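# Fold and geometry: a report
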Amino acid sequence: NQRNSSRENHLACFRKLAFLTGEGRFLFNWKEYGGKIFSSWRPWIEYVLPAYYTEPRPEPEKETAAVFPVAGWVMAATGPPSRRVTFERGAGFVFQCRPRGGYSHSFYSDGSFQLHAYGQMLNHGGGSSGNQDAFAYHTMSHNTILIDGLGQAQTGRGQKFPTYGRIIAYKKGKCFVYCAGDVTRCYPVEPGNYDRWGIKMHEVYRNRALPYLERFIRHIVFVRGRYFVIYDDLSCSKPALYTWLYHILPQDPITFREETFSIEYSVGDVRVRLQHIAGLDTLSLEDRKGLDGFINPFTGEDYREWRKGDIVCGHNLWINTTEPVRRRRFLAVVYPVPPGEDVPPIEKVDDCTVSVGGEVVSFNPESSGTGKSVCTVDAEGIYNESRC
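One structure accompanies this document, and this report is about it. Nothing here was measured: the structure is a model prediction, and the numbers come from that model. (Residues numbered from 1 in each chain as written. Predicted model: local features only at pLDDT ≥ 70, side-chain atom pairs only at ≥ 80, totals over all residues. Heavy atoms only, no water.)

This part takes up the environment of Gly357. On the secondary structure map, Gly357 appears in the loop between β19 (353–356) and β20 (359–362). Separated by 185 residues in the primary sequence, Gly357 and Lys172 place their C-alpha atoms 21 Å from one another. Among residues more than four places away in sequence, those in contact with Gly357 are Pro344 and Pro345. (Helix = DSSP H or I, 4+ residues; strand = E, 2+ residues; numbered from the N terminus. Contact = heavy atoms within 4.5 Å.)

Put into structure tokens, the structure is as follows:
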């Protein structure tokens with residue numbers, strides 16, 4: 001959300017890091033961002049670098065996907081992430097599930113994902129600003145899940161139960177990149193004061209607790225560098241309502257087809273279809289437009305008065321379950337297409353399996369559709385193994 005949090009930081013730091021570390025990938029990235037000598041912060045350092053260090057050879061990354069389990073990130077793209085053309089013509093995603101949780105300046109947003117394709121960001125996270133904004137800290141401003149309208153929080157002083165997530169699976173296949181994160185412990189099990197650095201949060205937020213959440217595992221498959229499949233497995237010790245969140249920045253109208261639970265929208269010249277597959281008879285869509293996205297309809301939290309930035313999402317999609325249940329699965333496909341192309345047929349096989357243009361992605365090895373599967377994930381097996 002803040003220009004100086006990405007491009008400007010690269011320009012200010014990456015050439016210096018290249019000389020100090022001898023790592024040419026830093027220098028390549030700096031050049032791709034339009035870096036120029038003596039144009040950065042504290043330019044006198046430019047005299048020191050060539051005098052004491054050898055300039056490395058600029059080169060892009062060799063890997064197009066990577067997992068960082070200690071920090072809790074997975075990233076994948078159709079080309080080296082430092083090449084501008086990768087973003088302009090390709091696609092990719094960033095997924096976070098962090099062992100340190102939403103600590104310090106970071107947000108309560110574990111399990112969220114950011115998608116890009118053909119030069120556009122397909123979804124949005126963080127609300128109206130990049131920092132010092134109570135709404136940006138709140139889970140409801142990110143692309144993850146609420147339980148009974150409640151989200152995540154980082155443990156405070158004196159609390160007995162830490163909050164954290166972790167990456168539990170990662171695989172790069174011939175035509176896909178797959179990852180999974182356990183987000184369960186990111187939701188606090190006891191009330192506490194979760195105000196951040198003097199930023200006042202709503203009273204409901206400060207006293208939230210979800211001791212009955214037992215499981216939240218999010219799986220993501222990036223297929224053929226073209227589309228994304230998201231599978232969520234949640235359970236609670238008592239019946240609960242679940243909200244699958246997705247935020248779209250442009251104000252342009254969206255199209256919703258209830259019979260297939262598909263949402264079509266555009267970001268620039270890129271058309272996107274978001275389609276849910278599992279349990280459609282107990283799903284409802286609430287499109288909270290503009291500033292209505294700052295209000296939580298479950299808890300009554302209203303962050304409009306504390307808004308800091310000028311960014312307002314055109315559409316804040318709250319995809320809610322209509323009946324409280326203990327166990328819930330979500331299965332969704334996000335398929336972007338460049339100008340002149342059409343989205344292929346997206347069809348349900350079962351609540352764990354989807355066919356996209358005739359190729360199958362399944363999260364249950366026993367599904368009847370796995371014979372044509374381009375990727376089959378044993379979601380239950382991965383969960384059981386992660387508990388050991």
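Closest axis-to-axis distance for the helix α1 (residues 7–21)/helix α3 (residues 45–52) pair is 10 Å, and the angle between their directions is 20 degrees. Here α1 lies roughly parallel to α3, going by the angle between them. Taken as a pair, α1 and α3 cross one another with a handedness that is left-handed. In this structure, α1 contributes Arg15, Lys16 and Phe19 to the contact, and α3 contributes Ile45, Glu46, Leu49 and Pro50. Of the residues in the contact of α1 with α3, the class split is four nonpolar, no polar and three charged. (Axes fitted to C-alpha atoms, helices over the stretch in contact; angles between N-to-C directions. Parallel < 35°, antiparallel > 145°, perpendicular 65-115°, else oblique. Left-handed = near helix turned anticlockwise from the far one by under 90°. Nonpolar A, V, L, I, M, F, W, Y, C, P; charged D, E, K, R; others polar.)

By the definition in use, this model includes 18 aromatic pairs. Where Tyr108 meets Tyr137, the ring centres are 6.4 Å apart and the plane angle is 45 degrees; that geometry is what we call tilted. Residue Tyr108 is found in the loop between β3 (91–96) and β4 (113–117), and its partner Tyr137 is found in helix α5 (residues 134–137); the two are separated by 29 residues along the sequence. The class for Tyr108 is buried, based on a relative accessible area of 2%. The structure contains a cluster of three or more aromatic residues connected by ring pairs, namely Phe107, Tyr108, Tyr137 and Tyr205. The ring of Trp30 has Arg15 sitting right over it, with the charged end atom 5.6 Å from the ring centre. Over the aromatic face of Phe330 sits the side chain of Arg328, whose NZ or CZ is 5.1 Å from the ring centroid. (Phe/Tyr/Trp six-rings, centres within 6.5 Å; stacked < 30°, edge-to-face > 60°. Buried < 20%, exposed > 50% of the residue type's maximum accessible area, 1.4 Å probe, protein only. Lys NZ or Arg CZ within 6 Å of the ring centre and 35° of its normal.)

It is worth spelling out the pairing of β3 at this point. Within β3, five of the six residues are buried, leaving the element largely enclosed by the surrounding structure. Note: strand β2 (residues 73–77) against β3, five bridges, orientation antiparallel. Among the inter-strand pairings, Ala76 is bridged to a residue of β3, identified as Phe93. As judged from the five bridges shared by β3 and β4, these two strands associate in the antiparallel manner. By the bridge assignment, Phe93 is partnered in β4 with Leu115. (Pairing = 2+ DSSP bridges.)

Judged by nonpolar contacts, the single largest core of 49 residues is most densely connected at Phe93, Leu122, Ile147, Tyr187, Trp244, Tyr246 and Val334. In terms of residue count, strand β10 (residues 227–240) provides more of this core than any other element does, five residues in total. Among residues more than four places away in sequence, those in contact with Ile147 are Tyr187, Leu210, Tyr212, Leu213, Leu234, Cys236, Ala240, Leu241 and Tyr242. One finds Val223, Tyr227, Ala278 and Ala379 within the second-largest nonpolar core, a separate group that totals 31 residues. (Core = buried A, V, L, I, M, F, W, Y, C linked by side-chain atoms within 4.5 Å.)

A few words now on the environment of Tyr265. Relative to the helices and strands, Tyr265 is located in strand β13 (residues 262–267). Counting along the chain gives 100 residues from Tyr265 to Gly165, while the straight-line C-alpha distance between them is 31 Å. A polar contact is formed between the side chain of Tyr265 and the backbone oxygen of Leu122, at a distance of 2.8 Å. (Polar contact = N/O pair within 3.5 Å; in protein donor to acceptor, adjacent residues only side chain to side chain.)

Bringing helix α2 (residues 24–32) into the picture now. Along α2, the positions that sit buried rather than exposed are Gly24, Leu27, Phe28, Asn29 and Trp30. Close packing links the buried residues of α2 with α1. Looking one or two places after α2, you find Gly34, whose phi comes out positive at around 90 degrees.

Moving on, we get to the sheet that holds strand β15 (residues 283–289). Spatial strand order, β6-β11-β16-β15: four strands in an open sheet with antiparallel pairing. Single-partner strands in this sheet number two, and they are β6 (145–147) and β15. Ignoring which end each strand starts from, the neighbouring axes of this sheet average 25 degrees apart. Of the strand pairs in this sheet, strand β11 (residues 242–248) and strand β16 (residues 315–321) are connected by six bridges, and their pairing is antiparallel. Residue pairing across strands places Trp244 opposite Ile319, the latter belonging to β16.

Remember, this is a structural readout, not a statement about activity or role.
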